[in-house]
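Close look at the chain arrangement
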Amino acid sequence: MSFYFKTFMLVLALIILSCGDREQGNRNKADENQQPPSILLVTLDTTRADYMGYTDGRADTPSLDRFAKESLVFERAFATVPMTLPSHTSMMTGQYASEHGVHENARYISAKDHLLAVELKKRGYHTAALVSSYPLARIFGLSAGFDHYDDYFTENQNERTAKQTTDLALSYMERVKASQQQPVFLWVHYFDPHLPYEPPEPYRSQYPRDPYAGEIAFMDSQFDRLLRGFQSWVGEGRHYIIVAGDHGEGLGDHGEMVHGHLLFNSTIQVPLLIGGSDIQAGRIDRAVSLRHIYHTVQSLAGISNGPSLLYPPDEVVCAEAMKPYLQYGWQPQIMAVYNHTKVISEGEPAMYDLEADPGEKSNLAGSKKLDAPLTQALENYELPSSHTVQATLSETEASKLASLGYVASSGDVVDSEAAPVPSQMTHLFEDMDRASGYFVNKQYKKAIPLLKKILETDPDNFMFNLRTAVAYSILGDREEAMLYFQKAMHINPDSIDLMHYLGMHYFRFKQLSEAETLLEQVLKSSPNRIPALQCMARIKEIRQDKQSALDLFSRLNLLNPDDEIYLLKMGDLSMELGQTEHAIACYLNLKDQQLENFNRDFELSLCLMDAGRLEEARDTLDGISTDHKAFPLVLLKRAQVSILLKEPHARSLVRQAYQNGNSMTRRTIENEPFFNSFLQ
């Protein structure tokens, strides 16, 4: 080939590339002048990629199959964490868990300013979300930026079915008409394939031996309703639909029945499809991360040109499973995938060729050299620390999560090179999940045998030693509790959780000084830890340090304003301290919450009298029932208010108070000139 021909071909190639860039630039410029598109994001909780119909899986998914034929199908999409909240946080921030800090469920999201809905709302989008389980409740922070965030669950339920959520979504679309001038971002989350697997009929009968597949098939039927409703809602305007699983389910593969413990494809590889107005259907084999949903939506909305899934970046895809590390003190797990090579680091590496070995049966770590990009990605991935994982859950929040099988870690991290390798401890997973569920649901007698069985195999497990100590303490076995507290102390003597629960143990057995010393250390390090604040407030009450107790209950009220006991305590303590106006404010706030269940009317009336608000005191006293335990005193105070207000019937009220009084109130009326003149 001549030099001139080579030169000609090079110039021609450069011209073609230049034209392509110019064409793409024109398209981007044209897009800037268009109305931004409406976008529907549908997330499928606990959904394995290999169960979908379009992957020849076990579930019948005709609606998603039809959608797949018109969409980009990502054949190797990976979640960032095999748990609900961290995975969704990555989708909504574009970050790995090592960056956003949410490594498990029951964590509070800190980077709210960078959430996807916040960015879209700034650009004029109407934003709405409907989630189907408590791990995504607004309290954890994903609601930021949404005009409408539906996380309501009926009493005693912490999840809802795809049909219930779809009904709500369609009803919302009916109520809030889509505007041609304002684009819409709608996120709908389905939770059905999560344990327990209980599909409704006819799917229960169609999948008698595989109810998990039945849940997916049912969810697919609701996706069809949602998709048709959304397309009708937005009309002929540009729109896009993204469907993504948040993580998979073990179903026994590699010894894991559920998810969260390991990083094999059964729990970390997920469905991912993108369709819409000008999407060209096809299949993408490159490994991609769900975190780029954030960048893809921003790109479609014209906000930024980040690493969109429409043009998948050539990069190492990472993920983590930190539950065993954070909860059990085992080795941390990090995954890295590049091309068709997958590496799982868990103290010792495991390597798999996903093309030749999709089931990850053959570990190549000893026979194949690790590529430099994979090595660098694993080395650069930051592990969580105690500082980044601390969470403060109320008892109600912890119970709601436990009902769905989720138990948050305590926040203490114990690093040890000799820590167990998670994939070698699979025989303990079932007992650990059951023991944790019993513990959080306060079934301590059932929890203890399982906890002790686990400790026979894993004696240096800090969390399970601590939980065994707490269980014995609550059941009143002081000696056994101290035995396990001492074991936990040997493993991690600086643990804030150890100080917390040991302080509670001392309080339970009336060792107030020891309890107070430990709880002060806990609150210095973790000032918003609700159970520690509650215990310290009770200690201050017992010691008659009413001002300190009031201050602590006020802090608790700020952390959890829906808990009525804090307002009640604040009102009573303020009244006892003579802080009348504060007491009135607390009682009135409590009355607004409790309505007919409010039982501090008499105390409120006394405060109102003390503040000189006599008309309000009169009305409050008039509303007190005759079966009130202090009704003779109520009558006396009502007579007193009547005299002060110079009511014409004051004399009759004094006589009524005397006739229906007790010995104490009668003596008061007889001996007090303020009253006795009205008896004449």
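Structure shown above.
In every chain, residue numbers begin from 1 and rise along the written sequence. Reporting in this predicted model follows two pLDDT cut-offs: at least 70 for local features of residues, and 80 or more for side-chain atom pairs to be given and counted; totals over whole chains, interfaces and linings ignore these cut-offs and use all residues. Values reported for side chains reflect all heavy atoms of the structure, with hydrogen atoms and water molecules removed beforehand.

Describing the overall build of the protein chain
- Counting its regular elements, the protein chain contains 30 helices and 15 strands.
- Contacts: residue pairs with any heavy atoms within 4.5 Å of one another. By sequence separation, contacts in the protein chain at least 24 residues apart represent 65% of the contacts at least 6 residues apart.
- Summing over all exposed atoms, the protein chain offers an accessible surface of approximately 30800 Å²; the carbon and sulfur share of this is 49%. Runs of E in the DSSP output that reach at least two residues are strands. Runs of H or I that reach at least four are helices, and both are numbered from the N terminus. Only the protein chains shown count as cover for residues, and the accessible areas themselves come from Shrake-Rupley with a 1.4 Å probe.

Section: the packing of helix H21 (residues 530-542) against helix H22 (residues 546-559)
- Axis lines are fitted to C-alpha atoms, over the contacting stretch for helices. Their N-to-C directions set the angle, which ranges from 0 to 180 degrees. Contact geometry for H21 and H22: axes closest at 8 Å, N-to-C directions at 155°. In terms of orientation, H21 lies roughly antiparallel with respect to H22. Regarding H21 and H22, the two cross each other, and that crossing is left-handed. On H22, the residues touching Ile530, Leu533, Gln534, Met536, Ala537, Lys540 and Glu541 of H21 are Ser548, Ala549, Leu552, Phe553, Arg555, Leu556 and Leu559. For classification, angles of less than 35 degrees are called roughly parallel, those exceeding 145 degrees roughly antiparallel, those between 65 and 115 degrees roughly perpendicular, and all remaining angles oblique. Crossings are sorted by hand: turned counterclockwise from the far helix by less than a right angle, the near helix makes the crossing left-handed, and turned clockwise it makes it right-handed.

Some thoughts on the pattern of salt bridges
- Any carboxyl oxygen of Asp or Glu that lies within 4 Å of a side-chain nitrogen of Lys or Arg is treated as forming a salt bridge with it. Under the criterion given, the structure shown has 33 salt bridges.
- Across the pair Lys546 and Glu576 runs a salt bridge whose closest N-O atoms are separated by 3.0 Å. Taken together, the positions of Lys546 in helix H22 and Glu576 in helix H23 (residues 564-576) put the pair 30 residues apart, joining distant regions of the chain.
- Here Glu581 and Arg613 are joined by a salt bridge, their closest N and O atoms 3.2 Å apart. You can see Glu581 sitting in helix H24 (residues 580-594) and its partner Arg613 sitting in the loop between helix H25 (601-610) and helix H26 (614-622), a full 32 residues away along the chain.
- For Glu581, a relative accessible area of 46% corresponds to the partly exposed category.
- The structure contains a network of salt bridges with shared partners spanning Arg618, Asp619, Asp622, Arg638 and Glu647. Throughout, exposure labels follow a simple rule: accessible area from a 1.4 Å probe, protein chains only, divided by the maximum for the residue type, with under 20% read as buried, over 50% as exposed, and the rest as partly exposed.

What to know about the environment of Glu480
- Along the chain, the position of Glu480 falls in helix H18 (residues 478-491).
- For Glu480, a relative accessible area of 27% gives the class partly exposed.
- Measuring from C-alpha to C-alpha, the distance between Glu480 and Ala469 comes to 7.0 Å, with 11 residues separating the pair along the chain.

Comments concerning H22
- For a helix, the expected span equals 1.5 Å multiplied by the residue count minus one. Relative to the 20 Å expected for 14 residues at 1.5 Å per residue, H22 spans 20 Å between its end C-alpha atoms, a close match to the ideal helical length.
- When we look at burial in H22, the residues that qualify are Ala549, Leu550, Leu552, Phe553, Leu556 and Asn557. Down the axis of H22, the smallest arc covering the buried residues is 165°, so these residues share one side.
- Against H21, H23 and H24 lie the buried residues of H22. Picture the helix axis, draw a direction to every C-beta atom, and the arc is the one those directions span.

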